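# Residue-level structural notes
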Amino acid sequence: MDISEWTSYRPGDLLMFSLRVYERLFVLYNQALWPAQLLALVLGAAILFALLRPTSLRVRLVFVALALAWGFVAWVFLWQRYAPINLGIRYAVPLFVLQALLLALCAMKGAPELQRRWCLSRTIGVGLFLHALVLHPLLAVPFGRGLAGAEVFALTPDPLAIATLGVAVMLRSSWWSWALWLVPALWCLASGLTLYLLDARGASVPLLTVALALVARVWPGGRRHD
Amino acid sequence: MAHRTLSRRRLLQSMLSLAASTAVPALHGDIPEQTPLKRKVPGTDIQLPLVGLGSWITFNVGNDPALLKQCTAVMEAFFAMGGCMIDSSPMYGTSQATIGHGLEALDAVKQVYATDKVWTSSHEEGSKQIEASRRDWGVSRFDLLQVHNLVAWEEHLEMLFAMKEAGEIRHVGITTSHGRRHDTLERIMRDHPLDFVQLTYNIVDREAESRLLPLARERGIGVIANRPFQRKRLIRYLEDKPLPPWAADIDAGGWAQFILKFIVSHPDISCAIPATTRADHVRENMAAAAEPLPDATMRRRMVDYVQNL
Ligand SMILES: NC(=O)c1ccc[n+]([C@@H]2O[C@H](COP(=O)([O-])OP(=O)(O)OC[C@H]3O[C@@H](n4cnc5c(N)ncnc54)[C@H](OP(=O)(O)O)[C@@H]3O)[C@@H](O)[C@H]2O)c1
């Protein structure tokens, strides 16, 4: 395909499904999984506790839980439900599996340490996690989907990616922090773009979280080493 | 005077379309509530209603029961209005399965002129893909198979012509849209015995008028007009603008009918294939396949009017 062909498309032509179908995807998914959402919230709260009071074992468990969540979302949400209506998702699934493997590797290697003292990156990290757990599902209400269409942490990709970005920026090891940052950041960018092309409200949310996570990573003096 | 010309024209058009619909055997058996205007597809023994149904985006609803029901209602209204051609592609996500669901629920396999595409860069993949599409539709064979967007067209056309020869499909075509690759399409139309081409044609995208439509007539190729509403962009642009009072002369009750009547009044267009999620819209669209259709003078007036809005 040459460049003149690409320029004949408008951004909206690149999407193969409508906003109505996208929103219904979450409604039906929530119906099918209920009451797993409650379990996911409890799991999220436990992870938040572990992030605030980290011990080596707790941090390890956080990575195990996140790895399982990435695997679950890849298979149950992306592959089984989203990929049939969006052919591009088949390329995202391997990336989700890669992220799950990275998180599992992290847990197996004894888990890199988290920052224990408050600094910019820890504040942003906890903030992102809290957003993913509490605020993100609630956004479905002002955005017109209602709670039935809420995107819940550990069950759907956006809040999972945002929560993982939060954990990634709290890591002391720069290598691991970037390694665990990449896939969630790519997903958030793709998701923001999709929502923008669908003309959906809230397209800026995943984009802003990537921006915040980037600030947390690169802000001079933002990372304090205790 | 103008009135007399119009009446004579209408009479002539009615006679012509009547001649067309009696000279050629009807496509399938059932008698619909309404009879849309049909046109014989050159080079074939069939006549098709001037308006068909697309399925890009609108029918990609996964296995959502409520939305599947809505799509079935669209198909039901389409068949009730005498509709026939439904167009899809393996590129359209679950649209083919949605069509299959609707055909089964409505017991309408006999009514549909099943139009699909092959869309893969791999030649080997092609026949597997066609078979998977056929299963999704639940039809015994496709009426028309087209090479989608000219992808690997040399290999696929060879395969499709062989399938036609073997009686596995009825007709062969090729598609493009958004005015892309018209030069290559022109070459293919000259060199291959196609039954159909599918391209974008509407009141603002009229590039095909200069070379492709005359060539289609010369070569006896049917033309399917896709993106009649530019995926609704055209309707959104026009909807708050006044419909000219003379739209009543062609019985265009709204912008959708105005646009569709413009498209299908081109003598070299076999049909337009608007997509919709709404049964009332499909009725409105199908009702555009009726006399009176604009003549050449009226068509120019329509173009001028839209251009000057
Ligand atoms: N390369 C290719 O082979 C190719 C490329 C493009 C398209 N196509 C084919 O051509 C078909 C048509 O093109 P398209 O789907 O891109 O766009 P289209 O038919 O130009 O526009 C579809 C949109 O028009 C709206 N609409 C339909 N009837 C209406 C009415 N009476 N009043 C108001 N709005 C109406 C629908 O919205 P509602 O749901 O609200 O009615 C829908 O969103 C496709 O579905 C596909 O089958 C093929």
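Residues numbered from 1 in each chain as written. Chains lettered and ligands numbered in written order. Predicted model: local features only at pLDDT ≥ 70, side-chain atom pairs only at ≥ 80, totals over all residues. Heavy atoms only, no water.

On to the packing of helix α3 (residues 36–52) of chain A against helix α6 (residues 120–138) of chain A, then. Residues and elements named next belong to chain A. For the pair α3 and α6, the least separation of the axes is 10 Å and the interaxial angle reads 170°. Between α3 and α6, the angle falls in the class roughly antiparallel. In this structure, α3 contributes Leu41, Gly44, Ala45, Ile47, Leu48, Leu51 and Leu52 to the contact, and α6 contributes Arg122, Val126, Phe129, Leu130 and Leu133. (Axes fitted to C-alpha atoms, helices over the stretch in contact; angles between N-to-C directions. Helix = DSSP H or I, 4+ residues; strand = E, 2+ residues; numbered from the N terminus. Parallel < 35°, antiparallel > 145°, perpendicular 65-115°, else oblique. Contact = heavy atoms within 4.5 Å.)

In this structure, the amide linkage connecting Trp34 of chain A to the following residue, Pro35 of chain A, adopts the cis form with an omega of 10°. Cis rather than trans, the peptide bond between Glu291 of chain B and Pro292 of chain B has omega equal to 0°. Among the structural elements, Pro292 of chain B can be located in the loop between α10 (279–287) and α11 (296–307). The phi torsion at Arg227 of chain B lies on the positive side, around 50°, for a residue other than glycine. Within the element layout of this structure, Arg227 of chain B appears in the loop between β8 (222–226) and α8 (233–238). Given the relative accessible area of 18%, Arg227 of chain B is considered buried. (Buried < 20%, exposed > 50% of the residue type's maximum accessible area, 1.4 Å probe, protein only.)

Right, let's talk about the interface of chain A and chain B for a bit. Counting from both sides, the interface comprises 17 residues of chain A and, opposite them, 25 residues of chain B. When chain A packs against chain B, the two sides together hide about 1700 Å² of surface, and 52% of this comes from carbon and sulfur. A per-residue breakdown of the area chain A buries against chain B is headed by Asp13, Met16 and Arg20 of chain A, which together make up 31% of the total. Taken together, the links from chain A to chain B amount to one salt bridge. (Buried area = accessible area lost by both parts, 1.4 Å probe. Salt bridge = Lys/Arg side-chain N within 4 Å of Asp/Glu carboxyl O.)

So, on to a negative patch on the surface. Residues and elements named next belong to chain B. Together, Glu124, Glu125, Glu154, Glu155 and Glu158 line one region of the surface with negative charge. Elements represented by at least two residues in the negative patch include exactly α4 (123–137) and α5 (153–165). Counting residues per element, the negative patch draws most heavily on α5, which supplies three residues. Structurally, Glu155 can be placed in helix α5. (Patch = residues over 30% accessible without salt bridge, like charges linked within 9 Å, V, L, I, M, F, W, Y side chains within 5 Å. Areas by Shrake-Rupley, 256 points an atom, 1.4 Å probe, with all protein chains shown as cover. Lys, Arg positive; Asp, Glu negative; His and termini not counted. Charge placed at Lys NZ, Arg CZ, Asp CG, Glu CD.)

Residue and element names in this part refer to chain A. Here α3 spans 24 Å end to end across 17 residues, near enough to the 24 Å set by a 1.5 Å rise per residue. For α3, every residue scored as buried is listed here: Gln37, Ala40, Gly44, Ile47, Leu48, Ala50 and Leu51. Mapping the buried residues of α3 onto a view down its axis gives an arc of 160°, with all of them on the same face. Residues of α3 that are exposed and angled more than 90 degrees away from the buried face: Leu39 and Val42. Tucked inside the fold, the buried residues of α3 contact α2 (19–33), α4 (56–82), α6 and α7 (157–169). (Expected span 1.5 Å × (residues − 1). Arc of directions from axis to C-beta.)

Residue and element names in this part refer to chain B. In the vicinity of the ligand, 30 residues are found, and the nearest of them are Asp87, Phe229, Thr276, Thr277 and His281. The backbone of Gln230 places a nitrogen or oxygen atom 3.2 Å from an oxygen atom of the ligand. Residue Asn285 places a side-chain N or O atom 2.9 Å away from a nitrogen atom belonging to the ligand. Burial of the ligand by the protein amounts to 92% of the accessible area it has alone, namely 890 Å². Tallying contributions element by element places α10 first for the shell around the ligand, with three residues. Here the shell around the ligand is composed, by residue class, of nine nonpolar, 14 polar and seven charged. (Near = heavy atom within 4 Å. Polar contact = N/O pair within 3.5 Å; in protein donor to acceptor, adjacent residues only side chain to side chain. Nonpolar A, V, L, I, M, F, W, Y, C, P; charged D, E, K, R; others polar.)

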